[in-house]
Amino acid sequence: MTARLVFAVMFVFFCACGGEKKRMADAITERDSLPAMKTYGVETLISDSGVIRYKILADEWLVYDRKKTPYWAFEKGIYLEKFDSLHNVEASIVADTAYYYTNERLWTLKNNVDINNVKGERFQTDKINWDESKKKIYSDEYIKITQLDKIITGYGFESNQDMTKYVINNITGIFYVEDEDEPDEAAADSIG
């Protein structure tokens, strides 16, 4: 009698467990949908002829080398500094998102792009491209350039890769900035 009871319990148990099949997601067969490399907390220095010239910081770096158009993704932001020969920061770039298309040698920076060049000028836009092979930086987006004495705004922009010689295609405004070191006339009148 005990054997029959054990058999009946096991029969009920196996029937209860064998009902519905669990549904599983399909296996990933396309290798290009996954990054070949995923790195967190990136801080790297790049040298030129043995001299450190650049520093890159990023929270996450993804490399998609099996895509039809291979690229690197910095979707959590990127920060880049360019150093002079004495390791002083002479230029910097910040962007919320960046992509580097390796075959085309093309950088695309998006969202809150903020660039400071060697002349102390500041460039702000939502999208900018840097074509390394043509040594050219360009954008079709709104751009704001803050110089020492004025602010220039417009749509469309083209520059050399150092961002020292540039053209704004459609200027929408030039705003002159007063030098804070020079006292204005009202302040001078109230002093004397």
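Going along each chain's sequence as written, the residues are numbered from 1 onward. Totals for whole chains, interfaces and linings use all residues, but because this is a predicted model, local features are given only for residues with pLDDT of at least 70 and pairs of side-chain atoms are given and counted only at 80 or more. Side-chain descriptors were evaluated using all non-hydrogen atoms of the structure, hydrogens and water having been removed beforehand.

### Looking at the overall build of the protein
Each helix is a run of H or I in the DSSP string that is no shorter than four residues. Each strand is a run of E no shorter than two, and both are numbered from the N terminus. Helix and strand counts for the protein stand at two helices and 11 strands. Listing the helices and strands of the protein from first to last along the sequence gives α-β-β-β-β-β-β-β-β-β-β-β-α. Every residue pair with non-hydrogen atoms within 4.5 Å of one another is taken to be in contact. Put simply, 32% of the contacts in the protein that link residues at least 6 apart link residues at least 24 apart. All accessible areas in this document rest on Shrake-Rupley with a 1.4 Å probe, and a residue is counted as covered only by the protein chains that are shown. For the protein, the exposed area adds up to about 13700 Å²; of that, 53% sits on carbon and sulfur atoms.

### Side note on the nonpolar core
The tendency in soluble globular proteins is for nonpolar side chains to be buried side by side. Grouped together as the largest cluster of nonpolar side chains are 23 residues, with contacts concentrated most on Ile 78, Leu 109, Ile 115, Phe 123, Ile 128, Phe 157 and Met 163. Contributions of two or more residues to this core are made by strand 2 (51–64), strand 4 (78–83), strand 5 (89–95), strand 6 (97–101), strand 7 (106–116), strand 8 (122–131), strand 9 (136–146) and strand 10 (150–160). Ranked by residue count, the leading element in this core is strand 7, at four residues. Among residues more than four places away in sequence, those in contact with Ile 115 are Ser 92, Ile 93, Glu 121, Arg 122, Phe 123, Ile 128 and Met 163. Take the buried residues of types Ala, Val, Leu, Ile, Met, Phe, Trp, Tyr and Cys, join any two whose side-chain atoms come within 4.5 Å, and each joined set is a nonpolar core. For each residue, the accessible area found with a 1.4 Å probe, counting protein chains only, is set against the maximum for its type, and the residue is called buried under 20%, exposed over 50%, and partly exposed in between. Of all hydrophobic cores here, the second largest spans five residues; its members include Leu 62, Tyr 71, Ala 73 and Tyr 99.

### Quick look at a negative patch on the surface
Any residue with relative accessible area above 30% and no salt bridge may belong to a patch, with like charges joined within 9 Å and the nonpolar Val, Leu, Ile, Met, Phe, Trp and Tyr side chains within 5 Å. Any carboxyl oxygen of Asp or Glu within 4 Å of a side-chain nitrogen of Lys or Arg constitutes a salt bridge here. Think of it this way: Lys and Arg go in the positive column, Asp and Glu in the negative one, and His and the chain ends go nowhere. A single reference atom marks each charge: NZ on Lys, CZ on Arg, CG on Asp, CD on Glu. A cluster of like negative charges, contributed by Asp 96, Asp 126, Asp 140 and Glu 141, occupies part of the molecular surface. Here Asp 140 lies in strand 9. Accessibility expressed as a relative area gives 68% for Asp 140, which makes it exposed.

### Points about the layout of surface pockets
Of the two site types, the cavity is a set of points on a 1 Å grid over the protein atoms alone where a 1.4 Å probe fits but cannot get out, and the pocket is an open set with protein on both sides within 12 Å along at least five of seven lines, each lined by residues with an atom within 4 Å of a point. Grid points are joined across faces, edges and corners, and a volume is the space filled by probe spheres set on the points. In this model, the largest pocket occupies a volume close to 750 Å³. Lining the largest pocket are 29 residues; nearest its centre among them are Tyr 54, Leu 80, Ile 93, Trp 107 and Trp 130. Contributions of two or more residues to the lining of the largest pocket are made by strand 1 (37–48), strand 2, strand 3 (71–74), strand 4, strand 5, strand 7 and strand 8. Counting residues per element, the lining of the largest pocket draws most heavily on strand 7, which supplies four residues.

### Some thoughts on the packing of aromatic side chains
Two rings from Phe, Tyr or Trp (for Trp, the six-membered ring) form a pair when their centres sit within 6.5 Å of each other. Planes less than 30 degrees apart are called stacked, planes more than 60 degrees apart edge-to-face, and all others tilted. In the structure shown here, the tally under the stated rule is 13 aromatic pairs. Ring centres of Trp 61 and Trp 72 lie 5.1 Å apart, and the angle between their planes is 65 degrees; on these two criteria the pair is classed as edge-to-face. Placement of Trp 61 in strand 2 and of Trp 72 in strand 3 is noted, with a sequence separation of 11 residues between them. Between Trp 61 and Phe 74, the ring centres sit 5.8 Å apart and the planes meet at 15 degrees, which makes this aromatic pair stacked.

### As for the pattern of salt bridges
It is possible for side chains bearing opposite charge to pair when their charged atoms get close. For the structure shown, the criterion picks out nine salt bridges. The partner of Lys 150 in a salt bridge is Asp 149, and the shortest N-O contact between them spans 3.9 Å. Of the residues examined, Asp 149 reaches a relative accessible area of 38% and is grouped as partly exposed. Here the salt bridges share partners, and the residues they tie into one network are Arg 53, Lys 82, Glu 90 and Asp 162.

This is a description of form; function is not addressed.
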